[in-house]
Structures are given as C-alpha cells and as structure tokens.
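Chain and residue survey
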Protein chains: 2
Amino acid sequence: MMSGLEAEIIAIGSELLTPYYVDTNSLYLAEKLNSIGVEVKFKTIVGDREEDIIQCIKLALSRSHIIIVCGGLGPTEDDITRECLSKALNKKLIYHPEIEKKIKERFNKRGLSMPSICRKQAYILERARPLINEWGTAPGMEIREDNKLIFVLPGPPKELKPMFEKYIFDNLKRLSNRFVCFKSIKITGLTESQTETLISDLHRDIENPKVNILAYPGQIVIHISGYSDKDHKEAEFLVENMIGKFKERLKNNIFSTSGEELEEIVGKLLKQRKETLAVAESCTGGFLSNRITNVSGSSSYFERGFITYSNEAKIENLGVPKDLILKFGAVSKEVAEAMAIGVRRVAKTDYGLSITGIAGPTGGTPEKPVGLVYIGLAWKNGVSVTKNQFLGDRESIKFQSTQKALDMLRRHLLQKT
Amino acid sequence: MMSGLEAEIIAIGSELLTPYYVDTNSLYLAEKLNSIGVEVKFKTIVGDREEDIIQCIKLALSRSHIIIVCGGLGPTEDDITRECLSKALNKKLIYHPEIEKKIKERFNKRGLSMPSICRKQAYILERARPLINEWGTAPGMEIREDNKLIFVLPGPPKELKPMFEKYIFDNLKRLSNRFVCFKSIKITGLTESQTETLISDLHRDIENPKVNILAYPGQIVIHISGYSDKDHKEAEFLVENMIGKFKERLKNNIFSTSGEELEEIVGKLLKQRKETLAVAESCTGGFLSNRITNVSGSSSYFERGFITYSNEAKIENLGVPKDLILKFGAVSKEVAEAMAIGVRRVAKTDYGLSITGIAGPTGGTPEKPVGLVYIGLAWKNGVSVTKNQFLGDRESIKFQSTQKALDMLRRHLLQKT
C-alpha cells in the first residue's frame, strides 16, 4: 500500500443508487489520481437527502485531506449539494452575477433563454473559488478549509472530466511529492494460473512496483505501477525493469505493452508488411470482422469478410466442397481449412482466417459440444487449423474464438519477421 | 422517494478503489433490493485497512437497519472483513469444523488439497448464521444484532449473486411490506427531447409509478417502477396503466416492453413469418451480423452476411455495378440500394439489408462527412434507402447504423402484418 497523498470521493445523486447507472466517474477519478500518486481511500455514494449528504461531508472532513464531491449541482429541486456544503461547512452561499451572466450566454447561444431555476447555479460558497464550467451550466468549486482541500464538480462525465483536467489535476500534481509510473501489458495464449506460475516469484511480496493481474476470457492484463519520491525516472525504471523480467518469462505471449487491443496489434503488423487479410466466419457471426474494422484505417489491410452461416454460403461464396461438409460436418477441421483457403483465394489476399464452431447455448452434441471451435489460417504456402474447446456463454465463446484467430495470425506474422 | 425498507451496502477491497474494477455487485444488489421495495440509501467502498473498515461498519450500524457487507472474505492476509466485523460488533470469531470440512472437500474434488491459509474461512462470528457457499470457498454470514440485520457476502459476483438469491432475497422480501412492480420499455427512432415532449405531462410530478428516462445513442430506455403497500396487483396496475398511456403517444417507436434488444425483436418477427435475411455491410464491418447472430437460434432466419469493405468485394460478391461506384461513390444512395438488392439475390433470402457510410474518425469530406451512412432494405417487391447523419465516435456511429438498419426492417415487418 502506498503512503502518499490520500483522497476521498463522494458521489451525490439518488440515480447513482439505482441499478441503471454505472459509476464511470469514480473509475476515471481513481485513474487520474493514482497516476499522480494520490490514493483513493473511500468512495461514498449517497442519495438526494439533505441529512445524509451533510453527514457524508462531515465524515469526510473528519478523516480525509482531499475530498472530491461530485454531482447534485443541477438546477432542479433534487440538486442540493450547494446547500448541504453550506450547512456542513457553515459557510454562506454568495450570489455571483458574472456566473449567472455566463449561464445566460450559454442558453442564448442555442437560441434559448435561461430558465429561472438555473439562477441557483450562480451561488458559490463564501471564500470558495468558482470553477468555470465551459461544458455545461453548473460551475464547480474549490474550497480550502483549514488543511483540507475540497473540490466540487458537476456529475455528468462530459463536464466532470474536462473540469478535473483543467482545474484539479495539476493542482494536486504539485501537492503530491510522489512520481508515479503506470504501465500495463496484455497477454493471450496463457491461462491465469500458467501466467502466475511463470512470474509470481518476480513480483510476490514486492510493494513497489505493485503488480495487479486481471484475468478475462481470452486475455490477461497485468497492471504495473511504480512510484518514487525522487523523480519520474526512478519510478519508470522500477516499472520497466519489472516489465523486462516479465518479458523474459512470458515471451511473445505478451502482445501489447502500451494498452493496444489485439486487433490493433495485428493491424499494425499487417500494415508494416503491406499485407492484406480476408475472413470467413460461421459461429462468430461477424464479431471477428467487427473487431478488425473497429481499428480506424483497417481498410488498408482488411479486404472483405464473409459470414457464411448457412452451408450454402460456405459452398457458394468460399468454394467449400459440399462433400466435405456432408462427410465431416460444418464444424470440423476439414471445413475450417477449406474456408480459410477459400476466403484467401476469393478475396485475393495474403491471409485468410476462418472460424467454424458451436457458440451455444443450443446446437451441441456429445461429439461436438458447445464451445468446440475450429480456427483456420491460410497463407501463400500453407494452412493451419487449431481445435479449441472454449468455456462460457455465447458471447464469451464468440469473443474467445476471435481472440484465438487474431492471435494465430499475430504469431504467424511474428515468426515470419 | 419511496419510504419502505432501506439498506446500506459496504464493499470492501482496495482493488475496488482502483480504475480496473467496475462495481457490478452494487448494480445487481440495487436491482434486486429495489424489486422488493428495499431502497439503497448509501454505498460505501473502502480499502483493506482495518481502521477504515471498522469505521465504515460502525457508521452503518448507527444509521441503517439492513447492511450488506461484500468482499474481503478470501484466504489472503488482505482479507480482513471477518476480523473487522468481530471488532466492530465486539463478537468473537468461532471455528466451525464442519465448514473447514466443506472447504477441504471442494479442493479434494478438483484433486487438490486445501492450502492452510484457507482455514481462516472456517471462522464465523459468534451467534451469526453461516451462509454456506456452494460457489466458492468463503461462507457468508447473517448477523442479527438488536434491530439490525447484517449480511456478509464474498465479493466475486459468481459467488455473491447466487448466495444473495439463496439466503437473502426471500428473507428481505418477507420483511418488506411493499409490493413493487418494475418494467422498462425501449424506444428507437425518436430523440430524447422528442420523447420527453410526447410524454412528459404523463409522468411529471408523479411519484408512483416513478419514471426514469435514459438516453443512449440510437436508443432510449424508460424505466417505470410502481409500488403498493396492499398487493402486487395494485403495483402492476400502476405500471401497466402508465405503459398504456406511453404506448398511445409513442406508438411503434416502442420496440420492446420486456427488455429485449432490437435484434431479438427483429428475430422474433422473422421467425414468426418464417422469413429469412442476409446482410451486406461496409462501414459497420460485421457489427450488424454480429448483433443478429448474438441471438441464439438466429441460424433459422439469418442466411449469410458480407462485409464488403473493398469496392472489389461489392462488385464481385454483391454484383454492384462498377460504374455505379465510379459515378456516385461507394457511400451513396445508389450503392446502398444495389448492395441491398444484390445481397438478397445472392443469398436467395426474403430480405436484404445493406449499410455503407463513413464511420470515421478519418475519411470524411465536406460533401460526405464522418457519420454519413446510407442504409438499404430490399424485399420481394421493392427497396428503400435512408440517408442518415450520425454523431459520435467510430463505435457509436457503427452502433447507430446497425440500430437504424434493424429498425427499418422492424417497421417494414410490422407494416406488412
């Protein structure tokens, strides 16, 4: 556990206590704060009741030096953060005509006049610094009280994020005497326990850099964060040193050390080599093509894709022999191979990727259970097929299949380099 | 604001204060609790420090009658929820040999022996009821203290959810004298403000049922929750009555009243009519096919899809005339029309859907800006094309395009009925 600056987050709004809102603000704030060596100690989510909000603010004041209060600054009756701060801190709310002017201008720009309920947004706590909101109407506040620092921000992420960047980030960065370096590496082709077996002796019992391993179906992400009270270079050295050791052990199971997705990495490799790709999907139903084309600029290497859901489509569009399907079934090594070769030939590309399998939840048999997926890769001089047995629900099996297909191509491209 | 039973959630674990974890447990718990008339009043997230955890538990005891504590029950040194509860409640931890036996059996089943660190999971607070964990090793606890009810659950969602269902849900349902009915309706084809203009007079200032409108790109979801202290029928009547009024105003812009996604609704309509579909995508790159095939059983109506990213693919696989592309460009009404007709003909289906546009962020021009998307629908006796200008990033434009394509088909199928 680090022992640098510590902060507390209070999110205000009854909607945040319903099942409909994912609290993305806190994730954003935690990331930003951690990146400058500020640790989040508490997060509290509270509804729109005055007594509850006041209690939360008072409690935060009693235990934390940096407090970030989000939400409840809107114009409606439910928005009572200003009033609650006033009561909790025993400070008056002061009307700022220049703020009302700004809010009015914002409405006028859109050809509207300011609703009178917005006038309360022009009130700021006495001795607080108003934080002008260029992305919405409600201004934020910076309050210095004894040795406490309280930031108040509007709840909508589109306002909160730029305001945090503009008014708070550098402010806290100066306060923090800690330099932090944060990187993450991504792995595919190993299970979580295989990964841990390979590297646990390298990071176990080490607090700086801190290593955090998160496992997802088809992918493992390792977060490494190091800090230094001297300079950024030292923090970076700690992290890079650890990554270097991980690389020795995990080799090219690591596909990214800068946050990129697998489809971006494969795209970069293809672009570098000026080579092209076409895909033929059955059970993944377009997921693979969709991932590939989520990368801007993918049109320079992705030529086309076929979702050959029916046998007729496999036969007509890819030239898979009908007999092959009848003899081995659509989900088979033989058909995956023919699909990969076929799509490469039809699209005249350097590579052809194919996927055929059973995504479930129905359609499985004892011989060909749900999660059985054959993946083919064809290139100029050859073709290879892998047989995979994935676990999970339909979408997870679809994702894992596309991950494996992209990884087969990635490893093939790396080998050739 | 309802005034039935109230609960407080405490989530324990330093990882929950990092940017990597989305707190899905709280959303799940809020949904379940709300469905039986229990309102969540506070959510607190706290790290692995003893003094902080004890403070949170004591505070919750001072202000809430139902407290749900999640996480920190694992076998590692960081997992100190048991010890903190013991100190906060001033109750001893008692060793339960029958629990250790169960944990050992769980390991043995997988051919492993129980690591000695797991032994601490066999300790339960005195006078607490152990909640046996069939989905993991750490048991939960139910503690009754004065007029307080404290539930302690392990943090992993795969354990927390089934344990909540098994041990807590019915328990709280009996305590709650409130009957709740919750439904949601989904809308596409209207903006948020269009929707509000049409219905705001129906729900404004009404507390029961409560109406919550959430807008997403391409979709609006309206949550309606009503309650009754008499019986479920009354709660349901309130909700259904409101939905009936919404239906009169919003007509067939409502595509779902039972939570289904648009691709499920379209799938159902096609299945009912025993009709088939093929799609040709350019800028959406497989997203449309992927959505359609996320529905289990879609193979009965989805025949095949083409991702014709290159012009050659459009010409070769769909029979789009080369001259048409040269004259009007690949992103044009004419090409969208030819793609829809072409894919329907090639795949011999009842319907053909096509999408061609500019997903961005690059590739836009003053005449054909990013977000310009033409969508075509071909059927036996005709074809129609819409010109759309979507806003947002690449993935959002891709989603909105698929949403519009599915909605064009949905409205066409409804018309024909």
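So, here's what we can say about the structure. (Residues numbered from 1 in each chain as written. Chains lettered and ligands numbered in written order. Predicted model: local features only at pLDDT ≥ 70, side-chain atom pairs only at ≥ 80, totals over all residues. Heavy atoms only, no water.)

**Remarks on the sheet that holds strand S10 (residues 210-216) of chain B**
Strand pairing in a sheet relies on backbone hydrogen bonds. The paired strands run either parallel or antiparallel. Residue and element names in this part refer to chain B. To be explicit about the condition: In short, DSSP must find at least two bridges between two strands for them to pair. Strands here mean DSSP runs of E at least two residues long; helices mean DSSP runs of H or I at least four residues long; both are numbered from the N terminus. Comment: axis = line fitted to C-alpha atoms, over the contacting stretch for helices; angle = value between 0 and 180 degrees taken between N-to-C directions.
Reading across the sheet, the four strands line up as S10-S11-S9-S12 and stay open at both edges, with antiparallel pairing between neighbours. A single partner strand is all that each edge strand has here, and the edge strands are S10 and strand S12 (254-256). Sheet twist, expressed as the mean angle between neighbouring strand axes with direction ignored, is 30°. Direction of pairing for strand S9 (residues 179-187) relative to strand S11 (residues 219-228): antiparallel, over a ladder of nine bridges.

**Some points on empty space enclosed by the protein**
Note the following rule: As defined here, a cavity is a set of points on a 1 Å grid over the protein atoms alone where a 1.4 Å probe fits but cannot get out. A pocket is an open set with protein on both sides within 12 Å along at least five of seven lines, and residues line them when an atom is within 4 Å of a point. Grid points are joined across faces, edges and corners, and a volume is the space filled by probe spheres set on the points.
Under the definition given, this model contains three cavities of 30 Å³ or more. Taken as a whole, the largest cavity holds about 140 Å³ of empty space. Lining the largest cavity we find 13 residues, and of these Val22(A), Asp23(A), Ile45(A), Asp23(B) and Lys43(B) sit closest to its centre.

**A few points about the packing of aromatic side chains**
Threshold: Centre distance within 6.5 Å is the pairing criterion for rings of Phe, Tyr and Trp, where only the six-membered ring of Trp is used; planes under 30 degrees apart are then read as stacked, over 60 as edge-to-face, and the remainder as tilted. The cut-offs for exposure are 20% and 50% of the maximum accessible area for each residue type, with area from a 1.4 Å probe on protein chains only; residues under the lower value are buried, those over the upper are exposed, and the others partly exposed. The rule for a charge over a ring is simple: NZ of Lys or CZ of Arg within 6 Å of the ring centre, and within 35 degrees of the ring normal.
Considering all chains together, one arrives at 13 aromatic pairs over all chains under this definition. Centre to centre, the rings of Phe182(A) and Tyr20(B) are 6.1 Å apart; their planes meet at 20°, and the pair counts as stacked. Of this pair, Phe182(A) sits in strand S9 (residues 179-187) while Tyr20(B) is found in the loop between strand S1 (5-12) and helix H1 (24-35), placing the two residues in two different chains. Its relative accessible area of 40% is what places Phe182(A) among the partly exposed residues. On the accessibility criterion, Tyr20(B) (19% relative accessible area) is buried. Grouping aromatic residues by their ring pairs yields a cluster made of Tyr28(A), Phe164(A) and Phe169(A). Positioned above the aromatic ring of Tyr227(A), the side-chain terminus of Arg178(A) is 3.9 Å from the ring centre.

**Quick look at helix H2 (residues 50-63) of chain A**
How we decide: Multiplying 1.5 Å by the residue count of a helix minus one yields the expected span of that helix.
For H2(A), spanning 14 residues, the distance from its first C-alpha to its last is 20 Å, which sits close to the expected 20 Å at 1.5 Å a residue. Among the residues of H2(A), Asp52(A), Ile53(A), Ile54(A), Cys56(A), Ile57(A), Leu59(A), Ala60(A), Leu61(A) and Arg63(A) are the ones counted as buried.

**Describing the interface of chain A and chain B**
By a frequent convention, interface size equals the accessible area lost on bringing the separate parts together. Selection criterion: Working rule for contacts: check all heavy atoms of both residues, and any pair within 4.5 Å makes them a contact. The quantity reported as buried area is the accessible area (1.4 Å probe) lost by two parts once they are put together, taken as the sum for both. Salt bridge, as used here, is a side-chain nitrogen of Lys or Arg placed within 4 Å of a carboxyl oxygen of Asp or Glu. Think of a polar contact as two N or O atoms within 3.5 Å of one another; within protein, one of them needs to be a possible hydrogen donor and the other a possible acceptor, and neighboring residues in sequence only count if both atoms come from side chains.
Counting from both sides, the interface comprises 66 residues of chain A and, opposite them, 66 residues of chain B. Buried area between chain A and chain B, both sides added, is near 5500 Å², and the carbon and sulfur share of it is 52%. The partner of Arg304(B) in a salt bridge is Glu316(A), and the shortest N-O contact between them spans 3.0 Å. Between chain A and chain B we count 32 residue pairs in polar contact (both at pLDDT 80 or more) in total. Considering every element that reaches the side of chain A that touches chain B, the biggest residue donor is strand S2 (residues 38-46) of chain A, with eight residues. Inspection of the sheet shows strand S14 (residues 302-307) of chain A paired to strand S14 (residues 302-307) of chain B by three bridges, in the antiparallel sense. Paired with Gly305(A) across the bridge in S14(B) is Ile307(B).

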